[in-house]
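# Secondary and tertiary structure notes
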Amino acid sequence: MTKRLLLLGCGNMAKALISKQWNEQLSIDVYSPSGVSSNNFVQEYAGKVIDSLDASVSYDYVFFAFKPQQLTTVAESLSDFDLHSTDCISILASIDCKTIQSKFGMNNILRIMPNTPAKIGAGTLTYYVAGERSIWDDILTLFSNNSVTIECGKEREIDLSTPITGSGPAFIFELARIWEKFLHNQGFDKQTASSMVHNTFLGSAKLMLDSPDGVEQLKKQVTSKAGVTERGLDSLVGSEFEKTVIQSLNECLNRIEELKK
């Protein structure tokens with residue numbers, strides 16, 4: 001019998017993770033309060049729209065893909081549901097399994113921290129399981145179709161991975177934006193500048209994945225003594241670039257702690 005999943009939240013992360021392939025294994029109901037985002041989601045991705053939440057309907061899974069700030073509102077919307085036999089998938093940054101268990105009564109929780117490159121089959125997803133591990137094999141297989149999945153032994157590791165696996169692409173895109181702006185200011189047209197930057201990122205990422213050398217050694221292979229690259233890297237050291245980057249990651253962790261309150 002096909003298992004049923006209720007998807008709550010139709011934002012960018014849900015769009016990156018859930019493809020029409022999910023329809024082959026699950027019956028997916030998609031809900032959003034206005035109905036607009038759920039209709040748009042179903043047309044392009046997967047599932048069928050439901051206009052309201054019906055407590056008489058039983059689900060095998062509920063997928064929390066909304067913003068963590070909406071947790072209390074969603075808990076109120078599901079207050080009439082008996083969810084003790086329902087398993088939960090959650091992408092809510094900062095919201096731990098204990099909180100979900102206390103608010104919704106669900107015992108088996110798959111907490112994940114994915115990223116948007118999953119949309120092109122190149123995602124990275126960390127996960128932690130509270131409850132029975134074996135029940136998640138099929139769902140994890142679906143996730144592995146578009147992401148490298150990495151299990152966390154401790155739930156705290158989900159929070160610690162969030163600045164990299166969750167937020168990391170935005171930092172990379174920001175660096176790419178700066179590089180593109182630099183090239184454009186030097187006279188390159190935007191298309192050429194974008195091609196240079198995007199392919200440099202792509203090639204460097206592939207080299208990191210495929211080379212037996214670590215990133216420090218790979219950096220040395222590009223950096224000739226007293227050369228152009230060394231001058232640029234020395235400038236980053238002088239401007240405390242590493243300290244600034246670490247500070248940005250710590251700010252992500254600080255925000256996670258704020259969201260827990």
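Cut-offs applied
- Residues numbered from 1 in each chain as written.
- Predicted model: local features only at pLDDT ≥ 70, side-chain atom pairs only at ≥ 80, totals over all residues.
- Heavy atoms only, no water.
- Pairing = 2+ DSSP bridges.
- Helix = DSSP H or I, 4+ residues; strand = E, 2+ residues; numbered from the N terminus.
- Contact = heavy atoms within 4.5 Å.
- Axes fitted to C-alpha atoms, helices over the stretch in contact; angles between N-to-C directions.
- Buried < 20%, exposed > 50% of the residue type's maximum accessible area, 1.4 Å probe, protein only.
- Arc of directions from axis to C-beta.
- Right-handed = clockwise from strand over helix to strand, strands pointing away.
- Patch = residues over 30% accessible without salt bridge, like charges linked within 9 Å, V, L, I, M, F, W, Y side chains within 5 Å.
- Areas by Shrake-Rupley, 256 points an atom, 1.4 Å probe, with all protein chains shown as cover.
- Salt bridge = Lys/Arg side-chain N within 4 Å of Asp/Glu carboxyl O.

## A short note on the sheet that holds strand E5 (residues 87-90)
Spatially, the eight strands line up as an open sheet ordered E3-E2-E1-E4-E5-E6-E7-E8, and their pairing is mixed. The open sheet has two edge strands with one neighbour each: strand E3 (48-49) and strand E8 (147-151). Strand contacts of helix H5 (residues 137-144): strand E2 (26-31), strand E4 (61-64), E5, strand E6 (109-113), strand E7 (123-130) and E8, with the helix running at about 135° to E8, the strand carrying the most contacts.

## Structural notes on helix H2 (residues 36-44)
Considered for burial, the residues of H2 that qualify are Ser38, Phe41 and Val42. Down the axis of H2, the sector holding all buried residues measures 95°, keeping them to one side. Those residues of H2 that are exposed and angled more than 90 degrees off the buried face are Val36, Gln43 and Glu44. Its buried side turned inward, H2 meets strand E1 (3-8), helix H1 (12-17), E2 and E3.

## Structural notes on the pairing of E2
E2 sits mainly inside the fold: five of its six residues count as buried. Of the pairings in the sheet, the one linking E1 to E2 comprises six bridges and is parallel in character. Note that in E2 the partner of Leu5 across the bridge is Ile28. In this view, the connection linking E1 to its parallel neighbour E2 by way of H1 has right-handed handedness.

## Some remarks on a nonpolar patch on the surface
On the surface, Leu175, Ile178 and Trp179 cluster together into a nonpolar patch covering about 250 Å² of accessible area. Along the chain, the position of Leu175 falls in helix H7 (residues 168-185).

## Notes on helix H6 (residues 156-166)
Every buried residue of H6 is listed here: Ile158, Asp159, Ser161, Thr162, Pro163 and Thr165. Buried positions along H6 lie against E6, E7, H7 and helix H11 (241-260).

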